[in-house]
Amino acid sequence: MRLDPVVGTAIADAYAAAPLRDERAYPAYAALCRETTRQFRFLVGRPEFGGLGMTVRVVDEDPYPDAGAMVDDVRRRRLKVWATAASGTPHPYLSDTENDMFRAVHDVFGHAAIGRSFDRHGEEAAWLKHSTMYSPLARLAMTTETRGQTCVRIFRYGDFPEQKAVLLPRKFSDPSLVRVEGVGARSAAPC
């Protein structure tokens, strides 16, 4: 799985050009919140009741130097999440708690599930993997939160962008349009 820089730049441009919030995105964000809450409850739920028993701690600094360190913690059933409140990028729709829960489930069910890094290719693979856990409606918001923000960080600003509550064009949120190397899937067309 590799992210084509032409596609990544097109996604970054779409995110950067979007307004801070768009009320048409709110149903997708509401679905994202509901589904993320269920995933988080499964993540931290006690194993004897069907949960994974993960301990999640929200911390004030970026907790991991790389994905390998995070995966090592996940193997020990623990995870640190960089607090939304400490990152200086408040979300226009999600509460800090909702955003922190999303960060936790994305790190575990996206990155740790596949063992990929935080580079552009690892982020793309984590988005693709984790997107399978969301309904089509919630996936629209999930894509903005992962693929959109990552592409802006990597292809435009070099740092995390201002968070937005918007939807990217559907061609960027449809996993069936992603080209996976060695597989005959189509590639998402750039703008």
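Look up a bit, the structure's there.
Residues numbered from 1 in each chain as written. Predicted model: local features only at pLDDT ≥ 70, side-chain atom pairs only at ≥ 80, totals over all residues. Heavy atoms only, no water.

Novice: Would you mind showing me how to read the pairing of strand 2 (residues 78-82) here?
Specialist: On a regular strand, each side chain points to the face opposite its neighbour's, so the side chains alternate between the two faces of the sheet. With burial as the criterion, only one face of strand 2 is covered, namely that bearing L79 and V81; the residues R78, K80 and W82 on the opposite face remain uncovered. In this sheet, strand 2 lies alongside strand 1 (residues 55-59) in parallel orientation, the contact comprising five bridges. Within the sheet, the bridge partner assigned to R57 lies in strand 2 and is K80. (Buried < 20%, exposed > 50% of the residue type's maximum accessible area, 1.4 Å probe, protein only. Helix = DSSP H or I, 4+ residues; strand = E, 2+ residues; numbered from the N terminus. Pairing = 2+ DSSP bridges.)

Novice: How should I be thinking about the pattern of salt bridges in this particular structure?
Specialist: Any two side chains of opposite charge can pair, given that their charged atoms come close. Within the structure shown, the criterion is met by seven salt bridges. Of the charged contacts, one joins E48 and R46 as a salt bridge, the two residues approaching to 2.6 Å between their closest N and O atoms. Measuring nitrogen to oxygen at the nearest pair gives 3.8 Å for the salt bridge that ties E123 to R153. One end of the pair, E123, is in helix 6 (residues 120-131); the other, R153, is in helix 7 (residues 136-157), and 30 residues separate them in sequence. (Salt bridge = Lys/Arg side-chain N within 4 Å of Asp/Glu carboxyl O.)

Novice: Help me understand the side chain of T89 in this model?
Specialist: Topologically, T89 is positioned in the loop between helix 4 (84-87) and helix 5 (96-114). According to the relative accessible area criterion, T89 is buried, its value standing at 15%. Here the side chain of T89 touches S87 through a polar contact of 3.0 Å, side chain to side chain. (Polar contact = N/O pair within 3.5 Å; in protein donor to acceptor, adjacent residues only side chain to side chain.)

Novice: Looking at this structure, I do not really get the nonpolar core. What am I missing?
Specialist: Considering soluble globular proteins, one finds that nonpolar side chains tend to be buried as a cluster. Counting residues in each nonpolar core, the largest one holds 34 residues, and the members touching the most others are L32, L43 and L79. Elements that contribute at least two residues to this core include exactly helix 2 (26-44), helix 3 (67-75), strand 2, helix 5, helix 6 and helix 7. In this view, L43 contacts L52, G53, M54, V56, A104, V105, V108 and F109; residues no more than four positions away in its chain are not counted. By size, the runner-up hydrophobic cluster in this structure holds 12 residues, among which are V7, A12, V152 and L168. (Core = buried A, V, L, I, M, F, W, Y, C linked by side-chain atoms within 4.5 Å. Contact = heavy atoms within 4.5 Å.)

Novice: Any chance you could explain helix 2 here in plain terms?
Specialist: Turn by turn, an α-helix covers 3.6 residues, leaving residues three or four places apart pointing in a common direction. For helix 2, which comprises 19 residues, the first-to-last C-alpha distance of 27 Å matches the rise-based estimate of 27 Å (1.5 Å per residue) to within 8%. Within helix 2, burial applies to A28, Y29, A31, L32, C33, E35, T36, Q39, F40 and L43. Buried-residue contacts for helix 2 involve strand 1, helix 5, helix 6 and helix 7. (Expected span 1.5 Å × (residues − 1).)

Novice: Would you explain the packing of aromatic side chains in this entry?
Specialist: When we look at a pair of aromatic rings, we describe it by the centre distance and by the angle of the planes. In this structure the tally under the stated criterion is five aromatic pairs. Between the aromatic rings of Y26 and Y93, the centroid separation amounts to 5.1 Å while the plane-to-plane angle is 50°, which identifies the pairing as tilted. Of the two residues, Y26 sits in helix 2 while Y93 sits in the loop between helix 4 and helix 5, which places them 67 residues apart along the sequence. Looking at Y93, the relative accessible area reads 29%, which means it is partly exposed. Summarising the aromatic geometry, the rings of F42 and F109 are spaced 6.2 Å apart at their centres and angled 25° between planes, so their arrangement reads as stacked. Remark: F109 occurs in helix 5 and F42 occurs in helix 2; sequence separation between them is 67 residues. For F42, a relative accessible area of 38% gives the class partly exposed. On the accessibility criterion, F109 (10% relative accessible area) is buried. (Phe/Tyr/Trp six-rings, centres within 6.5 Å; stacked < 30°, edge-to-face > 60°.)

Novice: Looking at this structure, I do not really get the packing of helix 3 against helix 5. What am I missing?
Specialist: When two helices pack together, their arrangement is captured by the angle between the axes and the distance separating the axes. One way to put it is that helix 3 packs onto helix 5 with a least axis distance of 10 Å and a crossing angle of 115°. Here helix 3 lies roughly perpendicular to helix 5, going by the angle between them. Crossing geometry of helix 3 relative to helix 5 is assigned as left-handed. Every residue of helix 5 that contacts helix 3 at M70, V71 and V74 is listed here: D107, V108, H111 and A112. Of the residues in the contact of helix 3 with helix 5, the class split is five nonpolar, one polar and one charged. (Axes fitted to C-alpha atoms, helices over the stretch in contact; angles between N-to-C directions. Parallel < 35°, antiparallel > 145°, perpendicular 65-115°, else oblique. Left-handed = near helix turned anticlockwise from the far one by under 90°. Nonpolar A, V, L, I, M, F, W, Y, C, P; charged D, E, K, R; others polar.)

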